[in-house]
Amino acid sequence: MSDIIEIFGKKHTAHGLNFYLTHFDLLAKCLHRDHYAFLVGGYVRDRILGKPVGKSVDVDIITTQEPVELAKGFKEILFKTYGIEADIFEFEKKESWIKRNKIATIIFKEGDFRYRFDIAILDAGIKSFFGLRPSPEEWEKILEKDLKDRDFTCNAIAVNLDDVLSVGAQQTILFDPTGGIKDLENGIIKPISYDNLKKDPIRLLRGVRIANELDFELEEGFLDFLKENHHLIKTSARERIAVEFFKLLRLKDSYKGMNILFETNAIYSIIPYLEDIKKVSNQGHHHIYPLDKHTLKVYEYADKILEGDLKDINFDKELLDTIKSQIPEYSFLGEFGTKEAIKLSALLHDIGKPHTMKIDEKGNITFYEHDKVGEELVAKISNELAFGEDLSKFLQKMVRMHLRIFYLRESLDSLTPRAYGRLLREAQEDIYPLMILTVADAMGSKDDEDTMRALEKTIKSILDFKMKNAPKPVEPLLSGKDIMNILNIPEGKTVGLLKNKLLDLQYEGVIKTKEEAIAWLKEEGKNIL
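Residues numbered from 1 in each chain as written. Predicted model: local features only at pLDDT ≥ 70, side-chain atom pairs only at ≥ 80, totals over all residues. Heavy atoms only, no water.

Concerning the overall build of the protein
The helix and strand tally for the protein stands at 24 helices and 15 strands. In the protein, which comprises 529 residues, the share counted as buried stands at 53%. Considering only contacts in the protein between residues 6 or more positions apart, those separated by 24 or more positions represent 70%. Of the accessible surface of the protein, which amounts to about 25,500 Å², a share of 49% is contributed by carbon and sulfur atoms. (Helix = DSSP H or I, 4+ residues; strand = E, 2+ residues; numbered from the N terminus. Buried < 20%, exposed > 50% of the residue type's maximum accessible area, 1.4 Å probe, protein only. Contact = heavy atoms within 4.5 Å. Areas by Shrake-Rupley, 256 points an atom, 1.4 Å probe, with all protein chains shown as cover.)

Some details on the environment of Ala237
Within the secondary structure, Ala237 is located in the loop between α9 (222–229) and α10 (238–249). Taking the relative accessible area as the measure of exposure, Ala237 reaches 36% and is therefore partly exposed. Distance in space between the C-alpha atoms of Ala237 and Ile202 is 8.8 Å, their sequence separation being 35 residues.

What about the environment of Asn259?
Inspection of the secondary structure assignment puts Asn259 in helix α11 (residues 254–263). Asn259 gets classed as partly exposed once you look at its relative accessible area, which sits at 23%.

Re the nonpolar core
Among the nonpolar cores identified, the biggest contains 142 residues, and Leu39, Phe117, Phe245 and Met258 are the most heavily contacted of them. For this core, the leading source of residues is helix α20 (residues 431–444), giving 10 residues. With residues up to four places along the chain from it excluded, the contact list for Leu39 reads Phe19, Phe24, Val44, Val59, Asp60, Ile61, Ile157, Ala158, Val159, Leu161 and Val164. Listed in part, the 14 residues of the second largest apolar core include Val40, Ile62, Ile142 and Leu147. (Core = buried A, V, L, I, M, F, W, Y, C linked by side-chain atoms within 4.5 Å.)

Description of the pattern of salt bridges
Per the counting criterion, the structure on display carries 41 salt bridges. We note a salt bridge from Asp504 to Arg425, for which the minimum N-O separation is 2.7 Å. Placement of Asp504 in helix α23 (residues 493–508) and of Arg425 in helix α19 (residues 417–427) is noted, with a sequence separation of 79 residues between them. Summarising the burial analysis for this pair, Asp504 and Arg425 share the class buried. The salt bridge partner of Glu429 is Lys466, with a shortest N-O separation of 3.1 Å. Taken as a pair, Glu429 in the loop between α19 and α20 and Lys466 in helix α21 (residues 449–469) lie far apart in primary sequence, 37 residues in all. Where salt bridges share partners, they join Lys51, Asp151, Arg206, Arg209, Glu213 and Glu244 into one cluster. (Salt bridge = Lys/Arg side-chain N within 4 Å of Asp/Glu carboxyl O.)

What about the confidence of the model for the protein?
Per-residue confidence for the protein averages 91 on the pLDDT scale, and 93% of its residues sit at or above 70. Overall, residues 2–8 carries pLDDT values under 50, and its contacts beyond four positions in sequence, including any with other chains, amount to 20 contacts. Segment residues 94–100: pLDDT under 50, and eight contacts once partners within four positions in sequence are set aside and those in other chains are kept. (pLDDT = per-residue confidence, 0-100.)

Side note on the packing of aromatic side chains
Tallied over the full model, the rule gives 18 aromatic pairs. On the basis of an interplanar angle of 70° and a centroid distance of 5.1 Å, the ring pair of Phe74 and Phe117 is categorised as edge-to-face. Pair noted here: Phe74 is in helix α3 (residues 67–82) and Phe117 is in strand β7 (residues 113–121), with a separation of 43 residues, a long-range link. Residues Phe74 and Phe117 agree in their burial class; the two are buried. (Phe/Tyr/Trp six-rings, centres within 6.5 Å; stacked < 30°, edge-to-face > 60°.)

Points about the pairing of β7
Burial of β7 is extensive: eight of the nine residues sit out of reach of the surface. Both strand β4 (residues 56–63) and β7 contribute to a ladder of eight bridges, which runs parallel. Among the inter-strand pairings, Thr63 is bridged to a residue of β7, identified as Ile121. (Pairing = 2+ DSSP bridges.)

Here we look at the packing of helix α15 (residues 338–348) against α20
The N-to-C vectors of α15 and α20 enclose an angle of 45°; their axes lie 10 Å apart at closest approach. The pairing of α15 with α20 is recorded here as oblique in orientation. Crossing of α15 over α20 shows right-handed handedness. Packed against α15, whose contacting residues are Thr338, Ile342, Ser345 and Ala346, the element α20 presents Pro433, Ile436 and Leu437 at the interface. (Axes fitted to C-alpha atoms, helices over the stretch in contact; angles between N-to-C directions. Parallel < 35°, antiparallel > 145°, perpendicular 65-115°, else oblique. Left-handed = near helix turned anticlockwise from the far one by under 90°.)

Focus: the environment of Phe394
Assignment of secondary structure puts Phe394 in helix α17 (residues 389–401). For the pair formed by Phe394 and Ile381, sequence separation is 13 residues and the distance between their alpha carbons is 13 Å. In contact with Phe394, not counting residues within four places along its chain, are Tyr330, Phe332, Thr338, Ala341, Ile342, Asp430 and Pro433.

Observations regarding α10
For an α-helix, the turn length of 3.6 residues means that residues three or four places apart are oriented alike. With 12 residues, α10 should cover 16 Å at 1.5 Å per step; its first-to-last C-alpha distance of 16 Å lies within 8% of that length. Burial in α10 covers these residues: Ile241, Ala242, Glu244, Phe245, Phe246, Lys247, Leu248 and Leu249. (Expected span 1.5 Å × (residues − 1).)

Thoughts on the side chain of His230
In this structure, His230 sits in the loop between α9 and α10. Contacts of His230, omitting those with residues within four sequence positions, involve Leu204, Thr264, Asn265, Ala266 and Ser269.

A few points about helix α1 (residues 22–29)
Of all the eight residues making up α1, six are buried; the element is thus mostly covered by neighbouring parts of the structure. Along α1, the residues that are buried comprise His23, Phe24, Asp25, Leu26, Leu27 and Ala28.

Observations regarding the pairing of strand β9 (residues 171–175)
A regular strand carries its side chains on alternate faces of the sheet. Judged from the five bridges that link them, strand β2 (residues 11–15) and β9 form a sheet pairing that is antiparallel. Note that in β9 the partner of Thr13 across the bridge is Ile173. Across two bridges, strand β8 (residues 158–160) lies against β9 in antiparallel orientation. Within β9, the residue paired with Val159 across the bridge is Leu174.

Let's talk about unusual backbone geometry
Positive phi is not limited to glycine here, since Asp253 has a value of about 60°. Considering the arrangement of structural elements, one finds Asp253 in the loop between α10 and α11. With a phi close to 55°, Ala386 is a non-glycine residue in the positive phi region. Mapped onto the fold, Ala386 is located in the loop between α16 (370–384) and α17. A relative accessible area of 24% means that Ala386 is categorised as partly exposed.

Right under this line is the structure:
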């Protein structure tokens, strides 16, 4: 890092090409001649550290130009130049000392790459209110104030957009009024001030995420502050909580950040329903860990499996690779995918246990139907954090079905096509995420060698059955309307039962054509009526 930077007090220099991105040339064309724009935040931080630009690129811009206007111009030129379609989202913050504080977010994809530009106003305060333009020297002071109002020193470094373009890139000034570059050199995530964190409490979660991402230490005192003030996170907009939390889930080794959230109790301000798991200190003879530690272990193993860190995983590595290669690619919350959703399902899989715990007359601890209760709680969590319907349904399915492969393992030698067919019909292509969750759950329960080998055998048998009978997603041969017309029955639960039964038979390989489905319905369907 020190090879590219010369340090002079609050300002440093580095060559602009260290920060270059092709799209900056187009963005600069949309910037009016008498306006400024600066790169700030994580993009600048990561380029200083020499991190390569990945396939998910987030850029923060502050500008003296109206942000929505700049974003719309950028969107137009992206389409004209490359045929790229972009989406713009507008936000507005209101503060007592300024008239407006607009933020425009523009998101687009180019091949396998996803880009997000957050464009915010660099406001001149009272001068802006009266329509006056500050001098260049005054703008520099305004920029310094903006940077000092940010979250962490490593994110409070600014670079002039004009200096990082393909034409005319030169040795550029890095504005660093809070000592962020020094903290980057020392590997420390340091708040600019704890008052700044209180002003926008989502920064508490962000600090944990950045430390995890960079493998840096959090400043001494931050964890105590987080432990005492994590309740402030609840005051943030639920959508912001969800996005910042998912940014943590997206990371390799995210279990390290998750451990911090549990150690400081901050996780309970993000997902309050998880707090009850602390009450289950003894899960019975099948478990060696209390429920909260078991939950963290399952999360850790899911994280390692999904991120390819398999050295500690006591399971067939080739089989895991096969399963991972078949995981469906979903999109949740606009910028996240199936991987993050599987990790979250690991965190929530046993959330119903505290509400179903019972001790029978022999002293045995049971959690009957904790999967169903957990599914109901996940629906509430999804609604409260604005996860959206698709993510909510996925998480509910994972929690509802997280025991199903274990049940098959217990009766592996006597499994019938009906048992395989019902599992595959309910899970469909989500059988692969379910397998990942199951292996992580077994590892997190510290299952013994024989039990893990039995699980391998069970999962192989499921895959073999699926490959033989349902290698591709199975579509119903008869619709609900078809069933109603053939049997001359009204709409109702019976139609759904018959449709599911037909799907079971399709997965079992018993019924393969529409004609066979109609014949079965006429012959056997009447027995279900």
